[in-house]
Amino acid sequence: MIAFPLGATTTPAELARDPHPRLAELRAHEPVSWLPALNGWLVTRRDLALDVMRDAETFTVDDPRFTTAQVVGPSMLSLDGAEHTRHREPFAAPFRPREVREGFAEFIEEETDRLLTALEPHGAADLRRDFAGPLAVAVVTKALGLVDADTGTVLSWYDAIVRAVSDLTAGHAADPAGPEAYARLRAAVETTVAKGATVAEGTAAEAEGTAAEAEGIEAEAEGSAVAEAEPSTTSLLTAAADRLSLPEVASNAAVLMFGGIETTEAMITNALLHLLRHPDQLALVRADSALLDGAIEESLRLEPGAAVVDRYATRDTTLGRAAIRKGDLVTVSLAGANRDPAVFPDPDRFDVRRDNSRLQLAFAHGPHYCLAAHLARLETKIALRHLLDRLPALRLDPDRPTAPQGLVFRKPPALHVRWG
């Protein structure tokens, strides 16, 4: 007798193509199921998913099999405990809610306007590749302060790294383009840090000279000059290099880069697809802009950009009715947890007025909650508001249908739309 018959017949292809019917079966009958195809456990019920993500001592990311670390090395994404904190803290400050609004809102507005101004005369576009992707890349590039790297270059690095991670997750050899792209990103990070350090040294020297010239107010002048110069001359990467080694800065920059691009590109594309597929819900949002936040959260619930997160058991334990052994892979299905009917009634319905959609787990939970969640939400809200305001006749291209797909990262391969 097979202990987990549903898990035994679940395939990666099924989970990549249209996972939700199978996830619903697993959640109802085998909420913690052994999937031979993944050589690990799959957790689909929301309460059990939270148990895994909250307990980093029992379910860790710090394992040689963690796929992202195989491509970019150890980072905040693949470490736990004190090392996780050491890697994460140098990057945290710019992504707090107030700092996100003050540091990025104007830039996102301008970049969104620039992209739409270029697209508007054409009457049709692939809004994933022509809009959502470039916007996400531009914001990540600004956030990291990368120098000598344009949007197209960063996007090519991101594509290659994500492909390599996806290959490893599916049990295949990683596309060699992934490590090659990471090597180029690492070089760009090192250049950025070096230039930032040079500028900071020059600023400090100038401040010191200015202070020496101002009799009687030396200390005040020096402190004022440095304080005023610091925000504009010290990039996030340069600041992080004061507390981390260059390889550590580069690995975390890679995580922030492909995480930020993936999260936001998927959020914008999936939310727009949901709205355009449901004209009644789109009409509600057009009539009441306050519902835009609800539409974004509901889209995140129905189709999180990252469908799964991996953990590894550090000891023998029991989860639900499953006996998990030390070393076992435990994959949390965020897509499955987000449609748990015990929390979300009528879970497959897209409802922009759902009152608890913010309970979705698209940004994970616990110590590895997405660092840039506030930034991703702000980008998506500004992007959707501009799209709906400027393209009132926006609609899906009936000749080029699409749907989200992907085992790990889920979004439409393209989102062809028309307007006018």
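You'll find the structure just up there.
Residues numbered from 1 in each chain as written. Predicted model: local features only at pLDDT ≥ 70, side-chain atom pairs only at ≥ 80, totals over all residues. Heavy atoms only, no water.

Re the overall build of the protein
The helix and strand tally for the protein stands at 17 helices and 10 strands. Taking 420 residues into account, the globule formula puts the C-alpha radius of gyration at 22 Å, and the protein, at 23 Å, falls close to it. The buried share of the protein, reckoned over its 420 residues, is 53%. Considering only contacts within the protein whose residues lie at least 6 apart along the sequence, 71% involve residues at least 24 apart. Across the protein, 43 positive and 62 negative side-chain charges occur, with their mean positions spaced 8 Å apart. (Helix = DSSP H or I, 4+ residues; strand = E, 2+ residues; numbered from the N terminus. Rg over C-alpha atoms; globule rule 2.2 N^0.38 Å. Buried < 20%, exposed > 50% of the residue type's maximum accessible area, 1.4 Å probe, protein only. Contact = heavy atoms within 4.5 Å. Lys, Arg positive; Asp, Glu negative; His and termini not counted. Charge placed at Lys NZ, Arg CZ, Asp CG, Glu CD.)

Description of the sheet that holds strand β3 (residues 59–60)
Strand order in the open sheet made by the five strands is β1-β2-β8-β5-β3, with mixed pairing throughout. Only two strands of the sheet have a single neighbouring strand rather than two, namely β1 (32–35) and β3. Of the pairings in the sheet, the one linking β3 to strand β5 (residues 308–313) comprises two bridges and is antiparallel in character. Residue pairing for β5: Thr60 is matched across the bridge by Tyr312. Its contacts with the sheet put helix α4 (residues 46–54) on β1, β2 (40–43), β3, β5 and β8 (329–333), and the angle it makes with β8 is roughly 125 degrees. (Pairing = 2+ DSSP bridges. Axes fitted to C-alpha atoms, helices over the stretch in contact; angles between N-to-C directions.)

Notes on the packing of helix α13 (residues 246–277) against helix α15 (residues 292–302)
Each pair of packed helices can be described by the angle between their axes along with the distance between the axes. Look at α13 against α15: their axes get within 9 Å of each other, and the N-to-C directions meet at 100 degrees. With respect to α15, the axis of α13 lies roughly perpendicular. Between α13 and α15, the residues in contact are Met267, Asn270, Ala271, His274 and Leu275 and Ala295, Ile296, Ser299, Leu300 and Leu302, respectively. Class assignment of the residues belonging to the contact of α13 with α15 gives a composition of seven nonpolar, three polar and no charged. (Parallel < 35°, antiparallel > 145°, perpendicular 65-115°, else oblique. Nonpolar A, V, L, I, M, F, W, Y, C, P; charged D, E, K, R; others polar.)

Topic: the packing of helix α7 (residues 97–119) against helix α17 (residues 373–390)
Following both chains from N to C, one finds α7 and α17 inclined at 35 degrees, their axes separated by 9 Å at the closest point. Remark: the crossing between α7 and α17 carries right-handed chirality. Residues Pro97, Val100, Arg101, Phe104, Ala105, Ile108, Glu109, Thr112, Asp113, Leu116 and Thr117 of α7 pack against His374, Leu375, Leu378, Glu379, Ile382, Ala383, Arg385, His386, Leu387 and Arg390 of α17. Among the residues making up the contact of α7 with α17, the classes are represented as 11 nonpolar, four polar and six charged. (Left-handed = near helix turned anticlockwise from the far one by under 90°.)

Notes on the sheet that holds strand β9 (residues 395–396)
Read from one edge to the other, the open sheet built from three strands follows the order β4-β10-β9, with strand pairing classed as antiparallel. Each edge of the open sheet is held by one strand with a lone partner, namely β4 (124–126) and β9. Here three bridges tie β4 to strand β10 (residues 416–418), and the two strands are oriented antiparallel to one another. Residue Asp126 lies in a different strand from β10, and its bridge partner there is His416.

What about the side chain of His84?
Position of His84 among the secondary structure elements: in helix α6 (residues 81–92). Reaching out from His84, the side chain makes a polar contact with the backbone oxygen of Pro367 at a distance of 3.4 Å. Ignoring any residue separated from it by four or fewer positions in sequence, one finds His84 in contact with Met76, Leu79, Pro367 and His368. (Polar contact = N/O pair within 3.5 Å; in protein donor to acceptor, adjacent residues only side chain to side chain.)

Some details on the pairing of β2
In terms of strand pairing, β1 meets β2 through four bridges, oriented antiparallel. By the bridge assignment for β2, Val32 is matched with Val43. Count of turn residues in the β1/β2 antiparallel hairpin: four residues, of which Asn39 carries a positive phi of about 55 degrees. Sheet topology places β2 next to β8; three bridges connect them, and they run parallel. Pairing of Trp41 across the sheet is with Val330, part of β8.

Brief notes about the environment of Arg86
The residue Arg86 is located in helix α6 in this model. When the C-alpha atoms of Arg86 and Ser75 are compared, they prove to be 9.7 Å apart, with 11 residues separating the residues in sequence. Filtering out sequence-adjacent residues up to four positions away, Arg86 remains in contact with Arg243, Leu244 and Glu248. Only 3.4 Å separates the side chain of Arg86 from the side chain of His87, close enough to count as a polar contact.

As for the nonpolar core
Grouped together as the largest cluster of nonpolar side chains are 100 residues, with contacts concentrated most on Leu127, Phe131, Ile161 and Met257. Considering every element that reaches this core, the biggest residue donor is α13, with 16 residues. Contact partners of Ile161, with chain neighbours within four places excluded, come to Val71, Val72, Gly178, Ala181, Tyr182, Leu185, Met257 and Phe258. (Core = buried A, V, L, I, M, F, W, Y, C linked by side-chain atoms within 4.5 Å.)

Structural notes on empty space enclosed by the protein
Gaps between atoms show up when a probe of the same size as a water molecule is rolled over them. Tallied over the entire structure, the rule returns three cavities of 30 Å³ or more. One number sums up the size of the largest cavity: a volume of about 740 Å³. Forming the boundary of the largest cavity are 35 residues, of which Leu77, Gly259, Ala306, Val309 and Phe409 lie nearest the centre. Per-element accounting of the lining of the largest cavity gives the leading share, eight residues, to α13. Of the residues contributing to the lining of the largest cavity, the split by class is 23 nonpolar, eight polar and four charged. In this model, the second largest cavity occupies a volume close to 110 Å³. Along its surface, the second largest cavity is lined by 14 residues, and Val140, Leu256, Gly260, Ala372 and Leu375 are the ones closest to its centre. When residues of the lining of the second largest cavity are traced back to their parent elements, those giving at least two are α8 (128–144), α13 and α17. The biggest single contributor to the lining of the second largest cavity is α13, with five residues. Grouping the amino acids of the lining of the second largest cavity by side-chain chemistry returns nine nonpolar, four polar and one charged. (1 Å grid on protein atoms, 1.4 Å probe; cavity = no way out; pocket = protein on both sides within 12 Å on 5 of 7 lines; lining within 4 Å. Points joined across faces, edges and corners; volume = space filled by probe spheres on them.)

Comments concerning the packing of aromatic side chains
This model, assessed by the stated rule, comprises three aromatic pairs. When the centroid spacing of 5.2 Å and the interplanar angle of 75 degrees are considered together, the rings of Trp34 and Trp41 count as edge-to-face. Classification of Trp34 as partly exposed rests on a relative accessible area of 25%. Through successive ring pairs, a cluster of aromatic residues spans Phe4, Trp34 and Trp41. Over the ring of Phe107 we find Lys142; its NZ or CZ atom is 5.3 Å from the centre of that ring. Over the ring of Phe344 we find Arg301, and its NZ or CZ is 5.1 Å from the ring centre. (Phe/Tyr/Trp six-rings, centres within 6.5 Å; stacked < 30°, edge-to-face > 60°. Lys NZ or Arg CZ within 6 Å of the ring centre and 35° of its normal.)

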